[in-house]
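Coordinate analysis (summary)
Now for the letters of each chain:
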Amino acid sequence: MDVEKLTADPAEQRLIAELLQAGQEHLFADWDPPGTNEEAKAAFRESLMHINRAYPDGLLGYIAKARKFLSEVREGENPFEGFEPHQPDKVDLTRFDADYDRYEALGKSHFEKTAVVLVAGGLGERLGYSGIKLDIPVEVTETVSYLAHYAACLKAMETRMNTPHPVPFIIMTSADTHAKTVASLEANSRFGLKEEQIHILKQEPVPAIADNDGHLALKEKYKLILKPHGHGDIHMLLHSSGLAAELEKQGIEHLVFIQDTNGQVFNAIPAALGVSVEKGFDFNSLGVNRIPGEAVGGLARLVKGDREMTLNVEYHQLDPLLRATVSPEGDVPDEQGFSMFPGNINVLLIRLAPYVKILERTRGVIAEFINPKYTDETKTTFKKPTRLETLMQDLPKFFGPDEKVGVSIFDRKWCFSANKNNVADAAAKHAAGSPPESGATAESDFYLAGRMKLAAAGMEVTPAEEQLILGIPFTPGPRVLLRPSFATTLDEVRSKISGGSISGEATLILDGKDIFLENVELPGPSALVIKACDGARVTVKNLKVENDGFELVKLTDEEQNSTATPEYLRIRGYRIENRGAAVYEFNEPGEYTL
Ligand code: UGB
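Quick caveat, the model's predicted, so the values are computed rather than measured. (Residues numbered from 1 in each chain as written. Predicted model: local features only at pLDDT ≥ 70, side-chain atom pairs only at ≥ 80, totals over all residues. Heavy atoms only, no water.)

Here we come to the sheet that holds strand β25 (residues 501-504). Reading across from one edge, β20-β25-β28 is the order of the three strands in this open sheet, with parallel pairing throughout. Every other strand in the sheet has two partners, leaving β20 (460-463) and β28 (521-522) as the edge strands with one partner each. Both β20 and β25 contribute to a ladder of four bridges, which runs parallel. By the bridge assignment for β25, T462 is matched with S503. (Pairing = 2+ DSSP bridges. Helix = DSSP H or I, 4+ residues; strand = E, 2+ residues; numbered from the N terminus.)

Here is the structure:
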């Protein structure tokens, strides 16, 4: 094939010549004669050049790697061959005790040296939501989105510092989510965050591979099939942007990696940070009791001779590993109903100093793999094109004996309740005994965390009975929203709330640093909402609140199926309406008593 006929540009000619040499003639076969379809050809050449620039090993490096991995998969190479799983180095934080308080206090004192990294390039196909997941409200009492909630958490961290400065916030987007993420930040004045604290890194998709020979897959003539490379891209981007090294220079010591729809995560971050600091963990994963078979990986210390590494064994690899080693029956429940190893919720606390060194060594290309689905056991053809993937939790694969990896175990609902599944799938998961992880359960657990905080402060909390909405469990109250501004640790909650009671479908919303409740009674469905600006000190004493509060209203079948109903309500099956909540807003500094 004559490359000069395909393009006049020397750089494009070089790349095309290399591709031809690498057996990719099919990309340029059947090209229309010169003068026909020139625009499509130019766009195709540019897409090849773009991928070649964006991928650290270039397009040819990508193809070579895919071929190597595919031949390993065909030979049935098991990445965990010879490794036996053992329990990881764990710190148990499932109880709110003196240890928990100590870790929280230590973590809080470390906010100054912490940055938050949010991976938000995923499209949420399982959820069936047409917008970006960050824009979904985590609750519909006040309708606050995940992004707004995370921003509020960062601002709250800032105000707890000795010398307040904005917490660096790195957001990874993708072609699917970038424009809408930027638009959401702009439309909402960045939710009060400063422009200079936000760093958006956009991940690039990778080309799909059609067969065992590593041919790039075409959607149609002049168009590659592109697929997401996975959340592990964050490492590459933190390296190529220079941001990881820059943050280290600024005195940041830990990066906290979070996912797009886990409203619970900041409940656990202070204590987990404390663990990272006290135990000197270079890599600290948040872990929870894992339900066998669920789509969260298992955290294990894998030992082979004198080698060992603590890793997430991804959900599809866990059962075979257990069968081959410590549990011939596979991933089965123990007496408590849990999997043998803690579940990975992909909240990672990484110490920056070793991280920057690993990034320099690897250019941030972390443990790629390929996971083709073959049509049969001859492993000759794929069901659909595959691609190289990378997972952010695989970083410890690059650790040596000097790096310390540990796991902080939390009560599941305190630290993790994702919103990943549409209502039908969530109901089916619930019926099968698996966590539904839907809009409704994420919201139900968001209120639950609030109730846990009140109970920890000694308030008497009587929950309403769980109900099923569209076959998904939801506890309708009390709906407690202690905003991040109000408290970042249990100790803060205890210092501001004492005595009192809340029950049934009551609602309590506290937003502001200096709000104090003493013996406040909130029988359901009464609602009390207090918002206090900085400098407004509000004390509520011996008050019994009685009103019609907020009402949970299930959507009718018609509303549920109507496109006129906002999608964020249809993904949960209900709305919440104000029927006369007591709302107090204090927008001027001063002393107030209710
Ligand atoms: N994400 C990206 O930013 N870019 C991508 O290319 C892909 C995803 P999923 P997954 O905690 O529930 C992970 O799809 O990958 C973002 C862990 O691997 O929701 O199936 C995306 O926007 C698993 O061990 O999850 O499973 C989202 O924020 C377990 O911990 C995040 O990455 C599981 O999460 C996760 O993407 C879990």
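As a further point, take helix α6 (residues 146-159). The first and last C-alpha atoms of α6 sit 20 Å apart over 14 residues, in line with the 20 Å expected at 1.5 Å per residue. For α6, the tally of buried residues reaches 11 of 14 residues, placing the bulk of the element in the interior. Every buried residue of α6 is accounted for by Y146, L147, A148, H149, Y150, A151, C153, L154, A156, M157 and E158. (Expected span 1.5 Å × (residues − 1). Buried < 20%, exposed > 50% of the residue type's maximum accessible area, 1.4 Å probe, protein only.)

A word on the domain arrangement of the protein chain. Taken domain by domain, the protein chain comprises domain 1 (3-54), domain 2 (87-290 + 346-415) and domain 3 (438-593). Of note, the centres of domain 1 and domain 2, computed from C-alpha atoms alone, are 35 Å apart. Across the boundary between the two partners, domain 1 contributes 17 residues, which contact 12 residues of domain 2. For the pair domain 1 and domain 2, the summed buried area comes to about 1,200 Å², and 65% of that belongs to carbon and sulfur atoms. Summed over the three residues of domain 1 that lose the most area to domain 2, namely H26, F44 and I51, the buried surface amounts to 36% of that side. The interface formed by domain 1 and domain 2 holds one salt bridge in total. For the side of domain 1 that touches domain 2, the residue count by class is eight nonpolar, six polar and three charged. (Domains from an automatic or database assignment. Contact = heavy atoms within 4.5 Å. Buried area = accessible area lost by both parts, 1.4 Å probe. Salt bridge = Lys/Arg side-chain N within 4 Å of Asp/Glu carboxyl O. Nonpolar A, V, L, I, M, F, W, Y, C, P; charged D, E, K, R; others polar.)

So, about the packing of helix α5 (residues 98-108) against helix α10 (residues 265-279). Where α5 meets α10, the axes come as close as 7 Å, and the angle between the chain directions of the two elements is 85 degrees. Between α5 and α10, the crossing angle belongs to the class labelled roughly perpendicular. From α5, Y100, R102, Y103, E104, L106 and G107 reach across to α10, where they touch N267, A268, P270, A271, L273, G274, V275, V277, E278 and K279. Residue composition of the contact of α5 with α10, grouped by class: nine nonpolar, three polar and four charged. (Axes fitted to C-alpha atoms, helices over the stretch in contact; angles between N-to-C directions. Parallel < 35°, antiparallel > 145°, perpendicular 65-115°, else oblique.)

This paragraph deals with the packing of helix α3 (residues 38-54) against helix α4 (residues 58-74). Where α3 meets α4, the axes come as close as 6 Å, and the angle between the chain directions of the two elements is 75 degrees. Considered as vectors, α3 and α4 are oriented roughly perpendicular to each other. Only G58, L59 and L60 of α4 make contact with α3, whose side of the interface consists of L48, I51 and N52. Grouping the amino acids of the contact of α3 with α4 by side-chain chemistry returns four nonpolar, two polar and no charged.

Attention now goes to the pattern of salt bridges. Counted according to the given criterion, the structure contains 34 salt bridges. One salt bridge in this structure joins E72 and K68, with 3.3 Å as the shortest N-O distance. Taken together, the residues span about one helical turn, with E72 and K68 both in helix α4 at a distance of four residues. With relative accessibility at 24%, the residue E72 sits in the partly exposed group. Of the residues examined, K68 reaches a relative accessible area of 48% and is grouped as partly exposed. The salt bridge involving K413 is made with D445; its shortest N-O contact spans 3.7 Å. Here K413, found in helix α13 (residues 412-415), pairs with D445, found in helix α15 (residues 439-456); they are 32 residues apart in sequence, far enough to count as distant. Owing to a relative accessible area of 40%, K413 belongs among the partly exposed residues under this scheme. Using a relative accessible area of 8% as the deciding quantity, one classes D445 as buried.

Glancing now at the site of the ligand. Taken together, 24 residues lie near the ligand, and Q203, Q259, D260, E314 and N344 sit nearest. Note that a nitrogen atom of the ligand is positioned 2.6 Å from one of the side-chain N or O atoms of Q203. Within the side chain of Q393, one N or O atom sits 2.8 Å away from an oxygen atom of the ligand. Here the element with the most residues in the shell around the ligand is strand β16 (residues 343-351); it accounts for three residues. A per-class count over the shell around the ligand returns nine nonpolar, 11 polar and four charged. (Near = heavy atom within 4 Å. Polar contact = N/O pair within 3.5 Å; in protein donor to acceptor, adjacent residues only side chain to side chain.)

All right, on to the sheet that holds strand β34 (residues 590-593) then. An order of β24-β27-β30-β34 is seen for the four strands of this open sheet, with the pairing classed as parallel. Pairing within the sheet leaves two strands with one partner each, and these edge strands are β24 (497-498) and β34. Looking at chain direction, β24 and strand β27 (residues 515-518) are connected through two bridges and run parallel. Note that in β27 the partner of S498 across the bridge is E518.

Here we take up the pairing of strand β13 (residues 283-288). Among the six residues of β13, six are classified as buried, and the element is accordingly described as predominantly covered. Where β13 lies against β16, five bridges are found, and the strand directions are antiparallel. Residue G287 lies in a different strand from β16, and its bridge partner there is N344.

Let us look at unusual backbone geometry. Across the junction of G477 and P478, the peptide omega takes the value -10 degrees, indicating a cis bond. Mapped onto the elements of the fold, P478 is located in the loop between β22 (472-474) and β23 (479-482). A cis amide bond links G524 to the next residue, P525, at an omega of 5 degrees. Counting through the fold element by element, P525 comes out in the loop between β28 and β29 (527-532). At T143, a residue that is not glycine, the phi angle is positive and equals roughly 60 degrees. Locating T143 in the fold gives a position in the loop between β4 (137-139) and β5 (144-145). Overall, T143 belongs to the partly exposed group, its relative accessible area being 36%. At R363, a residue that is not glycine, the phi angle is positive and equals roughly 55 degrees. Note that R363 resides in the loop between α12 (352-362) and β17 (369-370).

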